[in-house]
Amino acid sequence: MDRKALGKKIRQERIRMNYTQEQLAEAAGLSTTYIGLIEHGQRAITLEKLIDLANIFHVSIDYLLIESVEASEDANFALLKNLWLQSPESARMLLLDIAKSILCHLKS
C-alpha cells in the first residue's frame, strides 16, 4: 500500500471538508501529530481509524484507498469480466467494437 497516496487523499478530503488537522484529529479521536504523520505517509493507519475517517468524510474506504493500492492484472481482468457479464448483448457488441478501435488506434 502506498502510504503517501493514502495520506494525500486524506489531506484532500480534510481540506474539502474545511477541517484543520486539529479539527479532524478531535473528530476522529486522534492526535494532531498522528494526522500529520498519516497525511505525509510517514505512519500507517489502522482499519478502525480508516473507517472513522471515511465516516467523517462521508466517503467509502475504497475511495480513500483507490490510489494507494495497485490493481493486479488479475483484478483488472476480473473487473472487465464482471462488466462484460453484467452487460446486455447489445452493450457487449459495443464494448467489443470500442476495444477493437482503441487497440487499432494504439497500433498506429
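About the thresholds
Here the residue index of a chain counts from 1 through its sequence in written order. The predicted origin of the model limits local features to residues at a pLDDT of at least 70 and limits the giving and counting of side-chain atom pairs to 80 or more, whereas totals for whole chains, interfaces and linings rest on all residues. Processing note: side-chain calculations cover all non-hydrogen atoms of the structure and skip hydrogens and water entirely. Partly exposed residues are those whose accessible area sits between 20% and 50% of the maximum for their type, while under 20% is buried and over 50% is exposed, using a 1.4 Å probe and protein chains only. Secondary structure elements follow DSSP: runs of H or I no shorter than four residues count as helices, runs of E no shorter than two count as strands, and numbering proceeds from the N terminus. Here, the arc refers to the directions that run from the helix axis to the C-beta atoms. To obtain an axis, a line is fitted to C-alpha atoms, over the contacting stretch when the element is a helix, and the angle between two such axes runs from 0 to 180 degrees between their N-to-C directions. Roughly parallel means an angle under 35 degrees; roughly antiparallel means over 145; roughly perpendicular covers 65 to 115; every other angle is labelled oblique. By the convention used here, residues are in contact when the closest approach between their heavy atoms is within 4.5 Å. Polar here means any residue outside two lists: the nonpolar Ala, Val, Leu, Ile, Met, Phe, Trp, Tyr, Cys and Pro, and the charged Asp, Glu, Lys and Arg; Gly therefore counts as polar. Here, nonpolar core means buried Ala, Val, Leu, Ile, Met, Phe, Trp, Tyr and Cys residues that are tied together by side-chain atoms lying within 4.5 Å of each other.

Colleague: Talk me through helix H2 (residues 21-28); I want residue IDs and the actual numbers.
Modeller: Among all positions of H2, only Leu24, Ala25 and Ala28 are buried. For H2, the buried positions fall inside an angular range of 100 degrees around the axis, keeping them on one side. Looking one or two places after H2, you find Gly29, whose phi comes out positive at around 70 degrees.

Colleague: An account of the packing of H2 against helix H3 (residues 32-39) is needed here, citing residue identities and associated values.
Modeller: H3 packs onto H2 with a crossing angle of 110 degrees between their chain directions and a minimal axis gap of 8 Å. The orientation of H2 with respect to H3, classified from their angle, is roughly perpendicular. Side by side, H2 and H3 meet where Gln21, Glu22, Leu24 and Ala25 of the first sit next to Thr32, Ile35, Gly36 and Glu39 of the second. In terms of residue class, the contact of H2 with H3 is made up of three nonpolar, three polar and two charged.

Colleague: Report on the nonpolar core, specifying residues and quantitative values.
Modeller: Core analysis: the largest hydrophobic core is formed by 17 residues, its most contacted members being Leu6, Ile10, Leu24, Ile45, Leu53 and Phe57. Among the secondary structure elements, those contributing two or more residues to this core are helix H1 (3-16), H2, H3, helix H4 (47-57) and helix H5 (61-65). Among the elements that line this core, the one with the most residues is H4, at five residues.

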